[in-house]
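A look at the structure
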Amino acid sequence: MKKIYIATALVWILFLVGPSYADQVNVNIAYPLNGGSYKISPQYPLLTISFSVTCKDLEDRNVKWGYSNETLGSAKFRGQYSSQFLQKFSEGVWVIWVKSDCGKNEVKIKVSD
């Protein structure tokens, strides 16, 4: 009976602690959220994009970011880089991506007015 309690406790610990390790990614797109739907107005068709890149070493690194097939920017950095900016979007489904030497990430969003 003791073994069942210990096994159950271990499963709960892994269940609760596991997701915190899953969020430790090298490239994190904080906003917009993956799968999100966003309303924009024709007078102000801008959406905030926010991301960070964290590499485990302090070597020279490169990062590029953009949406769908368009590159919006690039930078060189050491260790950590973060950016937040406004981007004009029209209605549709968009894939926002960030690619660096130590990882990549993307989110898919739907924009409507």
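Anything mentioned here points back to the structure above.
To start, this report covers the structure provided alongside it. What you see is a predicted model; the values in this text were computed from it and never measured.

Attention now goes to the overall build of the protein chain. Helix and strand counts for the protein chain come out as one helix and eight strands. When the helices and strands of the protein chain are listed from N to C terminus, the series reads α-β-β-β-β-β-β-β-β. Scored against the burial criterion, the 113 residues of the protein chain give a buried share of 33%. The contacts of the protein chain with a sequence gap of at least 6 include a subset with a gap of at least 24, amounting to 57%. Surface summary for the protein chain: the accessible area is close to 8,000 Å², and the carbon and sulfur share equals 56%.

If you look at the biggest cluster of nonpolar residues, it comprises 23 residues, and the most contacted ones within it are Phe51, Val53, Val63, Phe89, Val98 and Ile109. Only β1 (27-31), β3 (46-54), β4 (60-67), β5 (70-78), β7 (92-100) and β8 (103-112) provide two or more residues apiece to this core. Examining the composition of this core, we find that four residues originate from one element, β3, more than from any other. Setting aside chain neighbours within four positions, we find Phe51 in contact with Asn28, Ile29, Ala30, Val63, Trp65, Tyr81, Ser82, Ser83, Phe85 and Val98.

We now examine the state of the cysteines. Applying the stated criterion across every chain yields a total of one disulfide. A sulfur-sulfur distance of 2.0 Å marks the disulfide that ties Cys55 to Cys102. Its S-S torsion of approximately -65° makes the covalent link between Cys55 and Cys102 left-handed. Note that Cys55 is positioned in the loop between β3 and β4 and Cys102 in the loop between β7 and β8, a separation of 47 residues in sequence.

Attention shifts here to the pattern of salt bridges. Once the charged atoms of two side chains with opposite charge are near each other, the side chains can pair. Across all of its chains, the model carries two salt bridges by this definition. Residue Arg78 is joined to Asp60 by a salt bridge in which the shortest nitrogen-to-oxygen separation is 2.6 Å. Here the residue Arg78 occupies a position in strand β5, and Asp60 occupies one in strand β4, the gap between them amounting to 18 residues. Given the relative accessible area of 58%, Asp60 is considered exposed.

In this section: the sheet that holds β7. Strands sit in the order β2-β8-β7-β4-β5 across an open sheet of five strands; the sheet is mixed. The open sheet has two edge strands with one neighbour each: β2 (37-39) and β5. Going from strand to strand, the sheet's axes swing by 25° on average, the running direction of each strand aside.

Spatially, three strands are ordered β1-β3-β6 in an open sheet, and the strand pairing comes out antiparallel. A single partner strand is all that each edge strand has here, and the edge strands are β1 and β6 (80-88). The sheet shows a mean angle of 20° between the axes of neighbouring strands, taken without regard to direction. With four bridges joining them, β1 and β3 adopt antiparallel strand pairing.

Conventions adopted
Residues numbered from 1 in each chain as written. Predicted model: local features only at pLDDT ≥ 70, side-chain atom pairs only at ≥ 80, totals over all residues. Heavy atoms only, no water. Helix = DSSP H or I, 4+ residues; strand = E, 2+ residues; numbered from the N terminus. Buried < 20%, exposed > 50% of the residue type's maximum accessible area, 1.4 Å probe, protein only. Contact = heavy atoms within 4.5 Å. Areas by Shrake-Rupley, 256 points an atom, 1.4 Å probe, with all protein chains shown as cover. Core = buried A, V, L, I, M, F, W, Y, C linked by side-chain atoms within 4.5 Å. Disulfide = S-S within 2.5 Å. Salt bridge = Lys/Arg side-chain N within 4 Å of Asp/Glu carboxyl O. Pairing = 2+ DSSP bridges. Axes fitted to C-alpha atoms, helices over the stretch in contact; angles between N-to-C directions.

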